[in-house]
Amino acid sequence: MKNDNNNKTPKLVLSAPVGSDKVFADDDASINDFKFDQKVAKVFDDMVSRSVPYYTEMQRMTGELVAEFAKPGTNLYDIGCSTATTMLLLDDMVEPSVKFVGYDNSPEMLEKARAKIGEDGTKRQIDLNTVDLHQPFSVENASVVTMILTLQFIRPLHRERIAQHIFDGLNKDGCFILIEKVTSEDTIFNRLFIKNYYDFKRRNGYSETEISQKREALENVLIPYRMDENFDMLKRVGFKNMEVYFRWYNFCAIIAIK
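Engineer: I'm lost on the overall build of the protein in this one. Help?
Structural biologist: Along the backbone of the protein there are eight helices and eight strands. Expected size for 258 residues packed as a compact globule is a radius of gyration near 18 Å; at 18 Å, the protein falls within 12% of this value. On the principal axes, the C-alpha backbone points of the protein span a range of 50 × 40 × 35 Å. Taken over 258 residues, the protein has a buried fraction of 53%.

Have a look at this one:
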């Protein structure tokens, strides 16, 4: 349900840069697995805006779709809420009685989220919780659940259980937004899409060192599914209506309705 009483232009709230993303700028012989720690949280908004193609447009499209499904008196869950960018965008687009619940496993990211919410001055009820998705978590009375570039960081063994839990916690006609990096069964397309993705990062100012070191840090942490694997998983847990609403090479956004 759109918030017809709010005529403001929806905003994409990315924090003012304390410094641009230089997390992988130093040539380091030993690269650890990627973590959403204090170092990343400090520059995350810059990182994601320069690393995710059409990030602003993807968020805007997500907001437009969510506004059609968020119902008064229900809950909206942003699972993997990071620095609250999505919730603050949706705040201008969703009826005020919808409660927002943000889950993230990084206390450092949630600290940044709380600061951004405080600076924004929103009056909406927004609950932020430190949650490890490999453990049980709550989803109830939900008209909308979003997972934006989050499920890809969950060990595959747990993904279907999480999707099932989300489906069970959604109200009838509720929607699930899933945005992921994807891989292809065809190695030709995989190589081509990844090549063009790295060209995108170069255009946004990342050096060869930064690209290669981040790739190495993510290798054992970010495990993408193929498009059909995501669709099959959603079907198995009960979703009947699913559609891709955004695709750029190896980035994909899916809406599924209960």
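Engineer: Before we go on, may I ask you to explain the side chain of Ser106 in this structure?
Structural biologist: Inspection of the secondary structure puts Ser106 in the loop between β2 (99-104) and α4 (107-120). With relative accessibility at 3%, the residue Ser106 sits in the buried group. Reaching out from Ser106, the side chain makes a polar contact with the backbone oxygen of Phe36 at a distance of 2.5 Å.

Engineer: Would you take a moment to explain helix α1 (residues 38-51) for this structure?
Structural biologist: Because an α-helix packs 3.6 residues into every turn, residues spaced three or four apart end up facing the same way. Under the 1.5 Å per step criterion, the end-to-end length of α1 is 18 Å for 14 residues, consistent within 8% with the ideal 20 Å. At Phe44, α1 shows its maximal bend, which comes to roughly 65°. α1 sits mainly inside the fold: 10 of its 14 residues count as buried. Listed as buried for α1 are Val40, Ala41, Val43, Phe44, Asp45, Asp46, Met47, Val48, Arg50 and Ser51. Looking at the packing, one finds that the buried side of α1 touches α2 (55-69), α3 (85-91), α4, α6 (187-203), α7 (208-218) and β8 (251-257).

Engineer: How should I be thinking about unusual backbone geometry in this particular structure?
Structural biologist: A negative phi holds for most residues other than glycine; trans holds for most peptide bonds. At Asp173, a position not held by glycine, the phi torsion is positive, near 70°. Secondary-structure assignment places Asp173 in strand β5 (residues 170-183). Residue classification places Asp173 among the partly exposed residues on the basis of a relative accessible area of 43%. Of note in the backbone geometry, Tyr249 takes a positive phi value of approximately 45° without being a glycine. Mapped onto the secondary structure, Tyr249 falls in the loop between β7 (241-248) and β8.

Engineer: How do you make sense of the state of the cysteines when you look at a structure like this?
Structural biologist: The bond known as a disulfide is covalent and runs between the sulfur atoms of two cysteines. A full pass over the atoms with the stated rule returns zero disulfides. Free cysteine Cys175: the closest other cysteine sulfur is in Cys252, separated by 15 Å.

Engineer: Would you explain the packing of helix α5 (residues 156-169) against helix α8 (residues 227-237) in this entry?
Structural biologist: The relative placement of two packed helices comes down to the angle between their axes together with the axis-to-axis distance. Close contact between α5 and α8 brings their axes to 9 Å; oriented N to C, the two are set at 50°. For the element pair α5 / α8, the angle class is oblique. Crossing geometry of α5 relative to α8 is assigned as right-handed. Between α5 and α8, the contacting residues are Arg159, Glu160, Ala163, Gln164 and Phe167 on the first element and Met233, Arg236 and Val237 on the second. Split into classes, the residues belonging to the contact of α5 with α8 amount to four nonpolar, one polar and three charged.

Engineer: What exactly am I supposed to notice about the pairing of β8 here?
Structural biologist: Remark: a regular strand shows side chains that alternate across the two faces of the sheet. Counted residue by residue, β8 has six buried out of seven residues, so it is predominantly covered. Pairing geometry for β5 and β8, over seven bridges, is antiparallel. Residue Ile177 lies in a different strand from β8, and its bridge partner there is Ile255. The sheet contact formed by β7 and β8 spans seven bridges and is antiparallel. Bridge assignment links Glu243 to a residue of β8, and that residue is Ile255. Adjacent in sequence and paired antiparallel, β7 and β8 are bridged by two residues, among which Tyr249 carries a positive phi angle near 45°.

Engineer: Could you clarify how one ought to interpret α7 in this entry?
Structural biologist: For α7, every residue scored as buried is listed here: Glu210, Ile211, Gln213, Lys214, Ala217 and Leu218. Buried residues along α7 sit in contact with α1 and α6.

Engineer: I tried to follow the packing of aromatic side chains on my own but got confused; where do I start?
Structural biologist: Taken as a whole, this structure holds 17 aromatic pairs when the rule is applied. Three or more aromatic residues link up through ring pairs in this structure, and these residues are Phe189, Phe193, Tyr197, Tyr198, Phe200, Trp248, Tyr249 and Phe251. Seen from the ring of Tyr206, Lys201 lies directly overhead, with NZ or CZ sitting 5.3 Å from the centre. The aromatic ring of Phe167 is capped on one face by Lys258, whose charged end is 4.6 Å from the ring centroid.

Conventions adopted
Residues numbered from 1 in each chain as written. Predicted model: local features only at pLDDT ≥ 70, side-chain atom pairs only at ≥ 80, totals over all residues. Heavy atoms only, no water. Helix = DSSP H or I, 4+ residues; strand = E, 2+ residues; numbered from the N terminus. Rg over C-alpha atoms; globule rule 2.2 N^0.38 Å. Buried < 20%, exposed > 50% of the residue type's maximum accessible area, 1.4 Å probe, protein only. Polar contact = N/O pair within 3.5 Å; in protein donor to acceptor, adjacent residues only side chain to side chain. Expected span 1.5 Å × (residues − 1). Bend = angle between axes of the 7 residues up to and from the residue. Contact = heavy atoms within 4.5 Å. Disulfide = S-S within 2.5 Å. Axes fitted to C-alpha atoms, helices over the stretch in contact; angles between N-to-C directions. Parallel < 35°, antiparallel > 145°, perpendicular 65-115°, else oblique. Left-handed = near helix turned anticlockwise from the far one by under 90°. Nonpolar A, V, L, I, M, F, W, Y, C, P; charged D, E, K, R; others polar. Pairing = 2+ DSSP bridges. Phe/Tyr/Trp six-rings, centres within 6.5 Å; stacked < 30°, edge-to-face > 60°. Lys NZ or Arg CZ within 6 Å of the ring centre and 35° of its normal.

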